[in-house]
Amino acid sequence: MDTILSVKDLEVEFATYGGTVKAVRGVSFDVTRGETLAIVGESGCGKSVTVQSLMGLIPMPPGKITGGTATLNGKNILNLPPAEANKFRGVEVGMIFQDPMSSLNPTMTIGDQIAETLKVHRGKSDQEAFKLAVELLERTHIPEAPKRAKQYPFEFSGGMLQRAMIAQSLACNPAILIADEPTTALDVTIQAQILELMLELQRTENMSIILITHDLAVVARMADRVAVMYAGQVIESGTVDDIFYRSSHPYTLGLKEAMPSNTHDRDKSLSPILGSPPDLFKPPVGCGYCARCPYAMTICAEHLPTATAISESHEARCWLHHRTAPDIEELHQLEDQDAG
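Below you will find a few notes about this structure. (Residues numbered from 1 in each chain as written. Predicted model: local features only at pLDDT ≥ 70, side-chain atom pairs only at ≥ 80, totals over all residues. Heavy atoms only, no water.)

## Some remarks on the layout of surface pockets
Stage number 1. Its volume calculated, the largest pocket comes out at about 580 Å³.
Stage number 2. Lining the largest pocket are 20 residues, with Arg89, Gly90, Phe97, Thr117 and Gln168 sitting closest to its centre.
Stage number 3. If you list the elements that add at least two residues to the lining of the largest pocket, you get strand E6 (93-96), helix H4 (110-122) and helix H7 (158-169).
Stage number 4. With five residues, H4 is the single largest residue contributor to the lining of the largest pocket. (1 Å grid on protein atoms, 1.4 Å probe; cavity = no way out; pocket = protein on both sides within 12 Å on 5 of 7 lines; lining within 4 Å. Points joined across faces, edges and corners; volume = space filled by probe spheres on them. Helix = DSSP H or I, 4+ residues; strand = E, 2+ residues; numbered from the N terminus.)

Now the structure itself:
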């Protein structure tokens, strides 16, 4: 497979008045050409910080990349000077932010903001850049694109703003598009249109997508591979079928149980994951999910599990997959004995 982006053992922390937050703790993943990698997990698990650190978008200080490597087409992109970062940011990697209204400049027209990218990175003239900006808006299915290009962000609806952000991120034909929860603020109908648009553009441009989300329904529709994050770590990764049909980490199982179903069984209730994520000012020495895990063992609190290969495409960080670990039925029997 043609690997475009390779991230190994990434570590990011933030210095605050209350101490140092270990936001990302040894994250690794690869992105190959033309595929969609979804990074999922609940709020605060480190999804957005991971991709923002790759793009050089976290403020330093208080943020700091303390370890790991990230290579884009063989070139390290971590801790680059701003001038160097600008050479790949927006050109080789585009990004769609969660809230387009706060990401776009309210004092510039939509067309001028897209054209600015083309002028800076492609050396286009004002006239050429604006013409291409209109064409990009048309590609993202914005009606009356020449008219809309002369309007300001406040004149666009939420769905149209997200389309404009996609147009801007595609201006320089990037190899990778990072979408940070691009449909969170949209209603279901517009959400479906945006996701279909991203899939259409991916097919036509052979573009890779890194999708940041907490919505497993979106993951099922969009992703080829999935990385499940918890407490700043990737605790399970695999193909989308591995994650949905062969889930191997208790946290992934918990996420699935908490999903609403479209069945008509009114007696079935959602099963929330009880407890709270760990304090990343002082991360646990063992598994980060130990305090919330129904299958936790003594070793889980004392030692950090290493990644265990479930199959060629699937791995999980969980002591349950160690060759000497008891199976789930044995753990239930031990629980019953303790209760008795």
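After that view, the rundown keeps rolling.
## Digging into the sheet that holds strand E5 (residues 75-76)
Stage number 1. One open sheet accounts for four strands, arranged E2-E1-E4-E5; its pairing is antiparallel. Edge positions in the sheet fall to strand E2 (19-32) and E5, since each has one partner strand and no second.
Stage number 2. Bridge count between strand E1 (residues 3-16) and E2: eleven bridges; the pairing is antiparallel. Counterpart to Val12 in the pairing with E2 is Val24.
Stage number 3. Most of the contacts of helix H1 (residues 47-54) go to E1, to which it runs at about 110°, and overall it touches E1, E2 and strand E4 (63-72). (Pairing = 2+ DSSP bridges. Contact = heavy atoms within 4.5 Å. Axes fitted to C-alpha atoms, helices over the stretch in contact; angles between N-to-C directions.)

## What about the sheet that holds strand E3 (residues 36-40)?
Stage number 1. In spatial order, the strands read E6-E7-E8-E3-E9-E10-E12-E11; together these eight strands make up an open sheet with mixed pairing. Both outer strands of the open sheet, E6 and strand E11 (307-311), are each paired with one neighbouring strand and no more. When the angles between neighbouring strand axes are averaged without regard to direction, this sheet yields 20°.
Stage number 2. Two elements, strand E10 (residues 233-239) and strand E12 (residues 314-317), share two bridges in a ladder whose sense is antiparallel. When the sheet's bridge partners are listed, Ser237 is paired in E12 with Glu315.
Stage number 3. The strands touched by helix H11 (residues 250-257) are strand E9 (225-230) and E10; relative to E9, the strand with the most contacts, the crossing angle is about 100°.

## Topic: the pairing of E10
Stage number 1. Counting buried positions over the seven residues of E10 gives six, a clear majority of the element.
Stage number 2. One ladder, built from six bridges, connects E9 with E10; its direction is antiparallel. By the bridge assignment, Met229 is partnered in E10 with Val234.
Stage number 3. Linkage of E9 to E10, two consecutive antiparallel strands, is achieved through a turn of two residues, within which Ala231 is found at a positive phi near 55°. (Buried < 20%, exposed > 50% of the residue type's maximum accessible area, 1.4 Å probe, protein only.)

## Focus: the packing of H4 against H7
Stage number 1. Interhelical geometry of H4 versus H7 gives an angle of 20° and a closest axis separation of 9 Å. Of the possible angle classes, the one that applies to H4 and H7 is roughly parallel. Two packed elements cross with a definite hand, and for H4 against H7 that hand is right-handed. For the pair H4 and H7, contact is made by Ile110, Gln113, Ile114 and Thr117 and by Leu161, Ala164, Ala167 and Gln168, respectively.
Stage number 2. Considered class by class, the residues forming the contact of H4 with H7 number five nonpolar, three polar and no charged. (Parallel < 35°, antiparallel > 145°, perpendicular 65-115°, else oblique. Left-handed = near helix turned anticlockwise from the far one by under 90°. Nonpolar A, V, L, I, M, F, W, Y, C, P; charged D, E, K, R; others polar.)

## A short note on unusual backbone geometry
Stage number 1. The linkage connecting Met60 with the following residue, Pro61, adopts the cis geometry, with an omega of -10°.
Stage number 2. Each neighbour pair has its own omega, and for Pro61 with Pro62 the value is 5°, a cis peptide bond.
Stage number 3. Checked against the element boundaries, Pro62 lands in the loop between H1 and E4.
Stage number 4. Its identity as a non-glycine residue notwithstanding, Asn79 has a phi of 55°, on the positive side.
Stage number 5. Relative to the helices and strands, Asn79 resides in the loop between E5 and helix H2 (82-88).
Stage number 6. Of note in the backbone geometry, His141 takes a positive phi value of approximately 65° without being a glycine.
Stage number 7. Within the fold, His141 resides in the loop between helix H5 (126-139) and helix H6 (145-148).
Stage number 8. A relative accessible area of 43% means that His141 is categorised as partly exposed.

## A short note on the environment of Val134
Stage number 1. For Val134, the location among the structural elements is in helix H5.
Stage number 2. As for Val134 and Ala145, which are separated by eleven residues in sequence, their C-alpha atoms are 5.7 Å apart.
Stage number 3. Setting aside residues up to four positions removed in sequence, Val134 forms contacts with Ala145, Pro146 and Ala149.

## Concerning the environment of Leu216
Stage number 1. Positionally, Leu216 belongs in helix H9 (residues 216-222).
Stage number 2. Accessibility expressed as a relative area gives 11% for Leu216, which makes it buried.
Stage number 3. Through-space distance from the C-alpha of Leu216 to that of Phe244 is 9.1 Å; in sequence the pair is 28 residues apart.
Stage number 4. The residues touching Leu216, leaving out its near neighbours within four places in the chain, are Val40, Phe244, Leu255, Lys256 and Met259.

## Here's the deal with the side chain of Asp180
Stage number 1. For Asp180, the position within the fold is in strand E7 (residues 176-180).
Stage number 2. The side chain of Asp180 sits in the buried core without any salt bridge; Lys47 is the nearest counter-charge, 6.9 Å away.
Stage number 3. For Asp180, the side chain forms a polar contact with the side chain of Ser48, separated by 3.0 Å.
Stage number 4. Excluding anything up to four places from it in sequence, Asp180 contacts Ser48, Gln52, Met95, Ile96, Phe97, Gln98 and Ile212. (Lys, Arg positive; Asp, Glu negative; His and termini not counted. Salt bridge = Lys/Arg side-chain N within 4 Å of Asp/Glu carboxyl O. Polar contact = N/O pair within 3.5 Å; in protein donor to acceptor, adjacent residues only side chain to side chain.)

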